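# Report on the structure
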Amino acid sequence: MKLFLTGASGLLGRSIYERFLNEPDWTVCGISFKRTSPGLTKLNLLDKDAVTNLLNTISPDVIVHCAAERFPDKVENDPQAAYDLNVGVSAHLADVANNLKVPFLYISTDYVFDGDKSPYKETDEPTPINEYGRLKLLGEKAVLAANLNNIILRIPVLYGPVESLEESAITYLFIGLKKCQNNNEIFKVSNYELRNPSSVDDIAHIVFNLVEKKIVSNNGISGIYQWCGKEMYTKYDMVAKMAKIFNMSMEQVVPVNGQGGVKRPFNTQLDVSRLNQLGIGTHTNFEDGIKTVLSSWVVK
């Protein structure tokens with residue numbers, strides 16, 4: 001079996017790449033553009049002809065589309081570039097997948113909801129409140145317009161093995177916590193938005209099993225699925241967990257009951273019952289997961 005994976009050098013993509021690569025029945029064509037490490041294929045996804053030609057040459061059994069502009073502030077600063085990647089590329093890949101008659105799985109986000117009426121079911125009407133959520137929703141619609149049998153997987157904020165602490169919105173918090181330990185610098189962190197963080201390894205497990213079930217048995221595997229972690233935290237709560245794990249002080253950490261920058265939804269908890277019914281949901285305890293991820297960064 002052949003997987004065509006976009007965003008293979010990203011936080012989630014790396015985990016999905018490794019998950020499939022460890023299976024003897026799978027080969028992976030991992031696509032990246034800016035961070036093309038050995039084993040990956042460099043490709044500009046905005047070059048439609050090049051994308052189509054490569055897909056026709058490889059003739060994959062499934063396409064998993066992780067590549068996206070996933071930082072809301074960057075989306076707001078350059079909405080056209082974000083549209084081209086989050087919507088235009090998604091639509092094109094879904095069309096090519098349809099022509100090749102292969103399944104297509106699109107990674108989406110909990111930000112398609114406004115955060116006022118959680119937990120959200122797959123059937124609830126999306127009401128995004130920022131441009132990132134709006135564009136990811138347009139991507140969803142384009143993918144399902146190409147073929148209703150395609151798969152959408154909505155996921156929350158992620159953490160996992162990072163190449164830099166800035167790579168995840170969660171590990172980024174550790175930078176502020178470290179900075180305020182040995183000086184008088186105050187670290188202000190939001191105590192407002194509620195999130196259900198997930199490990200990228202958990203999401204990779206779910207993606208692999210969705211794809212396997214889709215290809216091997218089908219069983220009506222199509223449409224929208226959702227996953228998020230079981231624990232609900234504010235950013236301040238997450239920092240407190242990190243401080244506890246690594247015996248760091250919270251004295252200079254100040255909770256802020258509000259948000260700055262791009263407007264973000266309040267509580268985006270997702271109903272995950274549809275995935276649980278398939279028996280493929282999995283959850284890593286946040287304290288265990290974040291300890292593993294951050295241990296190598298404590299002294300850096």
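Every chain's residues receive numbers from 1 upward, in the order its sequence appears when written. For a predicted model such as this one, the threshold for reporting local features is a pLDDT of at least 70, and the threshold for listing and counting side-chain atom pairs is 80 or more; totals across whole chains, interfaces and linings nevertheless cover every residue. Each side-chain value is derived from all of the structure's non-hydrogen atoms; neither hydrogens nor water enter the calculation.

Where an unreviewed UniProt entry is consulted, the chain appears under the name Methionine adenosyltransferase 2 subunit beta, with the organism given as Aphis gossypii. UniProt positions are given in the numbering used here, feature names are shortened, and annotations may be inferred rather than shown by experiment. According to the UniProt record, the Subunit (unreviewed entry) comment for the chain reads "Heterotrimer; composed of a catalytic MAT2A homodimer that binds one regulatory MAT2B chain. Heterohexamer; composed of a central, catalytic MAT2A homotetramer flanked on either side by a regulatory MAT2B chain. NADP binding increases the affinity for MAT2A." Per UniProt, the comment on the chain under Sequence similarities (unreviewed entry) is "Belongs to the dTDP-4-dehydrorhamnose reductase family. MAT2B subfamily."

### Considerations on the overall build of the chain
The secondary structure listing takes helices from DSSP runs of H or I that are at least 4 residues long and strands from runs of E that are at least 2 residues long, numbered from the N terminus. Within the chain, the regular secondary structure consists of 10 helices and 11 strands. Radius of gyration means the value over C-alpha atoms here, while the globule rule gives 2.2 Å times the residue count to the 0.38 power. Relative to the globule expectation of 19 Å for 300 residues, the C-alpha radius of gyration of the chain, 19 Å, shows essentially globular dimensions. Nonlocal contacts in the chain, meaning residues at least 24 apart in sequence, comprise 80% of its contacts between residues at least 6 apart. Only four residue types enter the charge count: Lys and Arg as positive, Asp and Glu as negative, with His and the chain ends excluded. Charged side chains are reduced to one point each, which is NZ for Lys, CZ for Arg, CG for Asp and CD for Glu. One finds the centroid of the 31 positive side-chain charges in the chain at a distance of 1 Å from the centroid of its 34 negative side-chain charges. Residues count as neighbours in contact if any of their non-hydrogen atoms are within 4.5 Å of one another.

### Thoughts on the pattern of salt bridges
Should a side-chain nitrogen of Lys or Arg be within 4 Å of a carboxyl oxygen of Asp or Glu, the pair is scored as a salt bridge. Tallied over the entire structure, the rule returns 8 salt bridges. With its nearest N and O atoms 3.7 Å apart, the salt bridge here joins Arg14 to Glu163. Of this pair, Arg14 sits in helix 1 (residues 11-21) while Glu163 sits in the loop between strand 7 (158-159) and helix 6 (172-179); the two residues are 149 residues apart in sequence, bridging distant segments of the chain. Per-residue accessibility, obtained with a 1.4 Å probe over protein chains only, is compared with the maximum for each type, and a residue is labelled buried under 20%, exposed over 50%, and partly exposed between these values. Exposure remark for Arg14: the relative accessible area of 19% places this residue in the buried category.

### With respect to unusual backbone geometry
For the bond from Ser118 to Pro119, the omega torsion is 0°, close enough to zero to count as cis. Positionally, Pro119 belongs in the loop between strand 5 (104-109) and helix 5 (131-146). Although it is not a glycine, Ser59 sits at a positive phi angle of roughly 50°. Position of Ser59 relative to the elements: it lies in the loop between helix 2 (48-58) and strand 4 (62-65). On the basis of relative accessible area, Ser59 is assigned to the partly exposed category, the value being 42%. Of note, Lys101 is a non-glycine position whose phi angle comes to about 60°, a positive value. Checked against the element boundaries, Lys101 lands in the loop between helix 4 (79-100) and strand 5.

### Let's talk about the packing of aromatic side chains
A pair of aromatic rings is counted whenever rings of Phe, Tyr or Trp (Trp by its six-membered ring) have centres within 6.5 Å, and the orientation is called stacked for planes under 30 degrees apart, edge-to-face for over 60 and tilted otherwise. With the rule as written, the count across this model stands at 8 aromatic pairs. Ring centres of Phe20 and Trp26 lie 5.0 Å apart, and the angle between their planes is 85°; on these two criteria the pair is classed as edge-to-face. For Phe20, a relative accessible area of 0% gives the class buried. Judged by centre distance (5.8 Å) and plane angle (70°), the rings of Tyr111 and Tyr132 are edge-to-face. Separated by 21 residues along the polypeptide, Tyr111 in the loop between strand 5 and helix 5 and Tyr132 in helix 5 bring together distant segments of the chain. An identical accessibility class is assigned to Tyr111 and Tyr132; each is buried. An aromatic cluster of three or more residues is present, and its members are Phe20, Trp26 and Phe208. Both a distance and an angle decide whether a charge sits over a ring: NZ of Lys or CZ of Arg must be within 6 Å of the ring centre and within 35 degrees of the ring normal. Sitting over the face of the ring of Phe208, Arg19 holds its NZ or CZ atom 4.1 Å from the ring centroid. Positioned over the ring face of Phe33 is Lys42, at 5.6 Å from the centre of the ring.

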